[in-house]
Amino acid sequence: MWQKRQENMSSRCFGHLLRGVWLLWLWQAVFVAGNKLWEVPTASFSSMTNISKNLKWEPSCLQRHPQDGVRITSDLPPRLDGTWVSTRCEVRPGPEFLTRSYTFQPSRHFLALQHYYSDSGCEDPSYSLMIRGKLRLRQASWITLGATQAEHHLSKVGIVVHTPVAKQRLTSRLPSSCVGLSLGRAVPGKLHELYNTRAGRGCLAALGFSMMELDLVRVETQHHGHGGKVQELFLGDLHTDWTLRTQYRPTGYQQPLQNALHHVHPCPVCALVYRSSEQRPPVLPHTRAIHLSLAGRWVSQRCETRPTILFLTREFTFVPERHGWEGIYRHFSDPVCSQPTFTLRASGHYAPGHPSAKVSGATEFVFKVTQVSVTPEEQATAKLLNSTRPGKCGQAGGWAVGVEQDLTQTDGCTVLGIKLPHKEYELFKLELDHEKHPLLFIGERPSDGSSPDRPLRRPTSFQAPLERCSHEDSQASYSHDLGSNSKQVQLPTSGAEKLAQAVSALFGLVVCSWICFL
């Protein structure tokens, strides 16, 4: 029932959502003092200068090297020149396993190499795509604060099939015209053209191929205390429903690519991907399976962006001996997580399942959320929650800034789309980073805002990884990661008494928001 109610509510309110987004950015452009130019769209880049936004981001746990402060900058327009590569075997919805190497020229031309594999370790190449085209940066995004809107034009797409088995699988997915005209003549190891400016895109669509990720761009530079730097390229997210991928316009990001010249050291995968070509795909080194140990506290590595204006950080504490956990979701109105709006705290219990049959090395889980509390972090959020009807969202009229309120007695909060209790089917995976520290990957949230409340809805790809802060067996209450796909409640900052009308206008946006767990 909750799932159907969410979907119906989302459908009815889509128009309000778009209007709410427009009003939100209008409010930010007019009223928020001190906003950086790159956060607000303007006429064109030709009249703009590069402006950097500094961020000293520290996860909510002890740093491994406190003396190595990291300063992060982001320019508008972003500087794309150079080659950007994957740092690990990437998992896309489906699932699909791939590595990427994208090269951008000052002339705006680009060459993108995508290498696809039959396994989640990217050890067995199936086929590679060579994509050529041009990219034009347009303006700062009205939807995703801190991002740049762009448009791409493809000139050629070629494919190299690496094995007869891969050729057979590809031909089974393509219409007869593509099989007869294209892959039917393809020879393993030889480049075969799938698309050019004179041909249609029917074969590309049948493959589920889309470069819409290039339509949303952000570049971040990490300036480390020892003088080094790391540059990351964030491109638009892909729809979790494979059939909708080619029409989807991104509002969030995939896992970032790193600049081949300025990347985290050591990075063996970076070197392999950088030296690859369409005929010589990178074969990543075999990594042994890691036992999935959840004990301890896990936090976001960065300020995370989710589709449709959501910026947040996540923090989890797992207590395996009790199968309990707690999730804290801190929501913000800006892409550097400096302007808090509200905090969600959720708890419950979980049951580990079997190893995933789709994603090798991943484990299936079932989570149940039984308790949720919310803390408004600024006055406008408190006012909004106080406007709800009695019995629908905590204590009516009892919301105040900085005061946490339990939603259990009202079975959730209708204005936030929270319904208790709630069950979800999840996917977890543990990997090691370049310093052999564990990273926890949790299933990616559905792009349509629905919930994986049935086994068939279980994720096949992952969100940004969490890093372990501590290994203590905390005695925190049972909990669950709430809000990792909730719509951002973009509300005014403190001192916004005169913006009551703007808050009211945004009410349609908030009502159409939903909070999903994990």
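Residues numbered from 1 in each chain as written. Predicted model: local features only at pLDDT ≥ 70, side-chain atom pairs only at ≥ 80, totals over all residues. Heavy atoms only, no water.

1. Section: the overall build of the protein
Check the secondary structure of the protein and you find nine helices and 23 strands. By the burial criterion, 56% of the 518 residues in the protein qualify as buried. Long-range pairs, those at least 24 residues apart, make up 65% of the contacts in the protein between residues at least 6 apart in sequence. Carbon and sulfur atoms make up 53% of the accessible area of the protein, which amounts to about 22,200 Å² in all. (Helix = DSSP H or I, 4+ residues; strand = E, 2+ residues; numbered from the N terminus. Buried < 20%, exposed > 50% of the residue type's maximum accessible area, 1.4 Å probe, protein only. Contact = heavy atoms within 4.5 Å. Areas by Shrake-Rupley, 256 points an atom, 1.4 Å probe, with all protein chains shown as cover.)

2. Some details on the pairing of strand β2 (residues 82-85)
Where β2 and strand β4 (residues 96-104) come together, four bridges link them in antiparallel fashion. Looking at the pairing, Val85 lines up with Ser101 of β4. (Pairing = 2+ DSSP bridges.)

3. Some thoughts on the packing of aromatic side chains
Counted according to the given criterion, the structure contains 16 aromatic pairs. Their ring planes at 20° and their centres at 5.9 Å tell us that Phe316 and Phe318 sit as a pair that is stacked. Given the relative accessible area of 0%, Phe316 is considered buried. Within the aromatic cluster, the residues linked to one another by ring pairs are Phe316, Phe318, Trp325, Tyr329, Tyr350, Phe365, Phe367 and Phe428. (Phe/Tyr/Trp six-rings, centres within 6.5 Å; stacked < 30°, edge-to-face > 60°.)

4. Here we look at the pairing of strand β10 (residues 229-235)
β10 sits mainly inside the fold: six of its seven residues count as buried. Bridge count for strand β9 (residues 216-224) against β10 is seven bridges, and the pairing is antiparallel. Bridge pairing in β10 links Val217 to Leu235. Two successive antiparallel strands, β9 and β10, enclose a turn made up of four residues, where Gly227 displays a positive phi of approximately 100°. The pairing of β10 with strand β11 (residues 257-259) spans two bridges and is antiparallel. Across the sheet, Glu232 pairs through a bridge with Gln258, a residue of β11.

5. Quick notes on the confidence of the model for the protein
This prediction gives the protein a mean pLDDT of 79; 75% of its residues lie at or above 70. Across residues 1-60, where pLDDT falls below 50, the model places 128 contacts with residues more than four positions away in sequence or in other chains. The low-confidence segment residues 62-68, where pLDDT is below 50, has five contacts with residues more than four positions distant or belonging to other chains. (pLDDT = per-residue confidence, 0-100.)

6. Focus: helix α3 (residues 164-173)
Regarding α3, the residues found buried are Ala166, Leu170 and Thr171. Along the long axis of α3, the arc covered by the buried residues comes to 130°, so they all point the same way. Seen from the buried face of α3, the exposed residues on the opposite side, beyond 90 degrees, are Pro164, Gln168, Arg169 and Ser172. (Arc of directions from axis to C-beta.)

7. Brief notes about the pattern of salt bridges
Evaluation of the coordinates by the stated rule reveals 24 salt bridges. Taking the shortest distance from any N to any O, the salt bridge between Arg138 and Glu151 comes out at 3.3 Å. Taken together, the positions of Arg138 in strand β6 (residues 125-140) and Glu151 in strand β7 (residues 148-161) put the pair 13 residues apart, joining distant regions of the chain. Classification of Arg138 as partly exposed rests on a relative accessible area of 38%. Overall, Glu151 belongs to the partly exposed group, its relative accessible area being 25%. As a salt-bridge pair, Glu220 and Arg302 come within 3.6 Å of each other at their nearest N and O atoms. Residue Glu220 is located in strand β9, and its partner Arg302 is located in the loop between β12 (296-300) and β13 (304-306); the two are separated by 82 residues in the primary sequence. Taken together, the salt bridges that share partners define one network made up of Glu90, Arg92, Arg100 and Glu213. (Salt bridge = Lys/Arg side-chain N within 4 Å of Asp/Glu carboxyl O.)

8. Focus: unusual backbone geometry
Most peptide bonds adopt trans geometry, and most residues besides glycine take a negative phi value. Put simply, His265 and Pro266 share a cis peptide bond, and its omega is -10°. Tracing the chain through its elements places Pro266 in the loop between β11 and α6 (268-274). In this structure, the amide linkage connecting Leu420 to the following residue, Pro421, adopts the cis form with an omega of -10°. The topology assignment puts Pro421 in the loop between β20 (418-419) and β21 (422-432). Even without being glycine, Arg108 reaches a positive phi, approximately 80°. Relative to the helices and strands, Arg108 is located in the loop between β4 and β5 (109-117).

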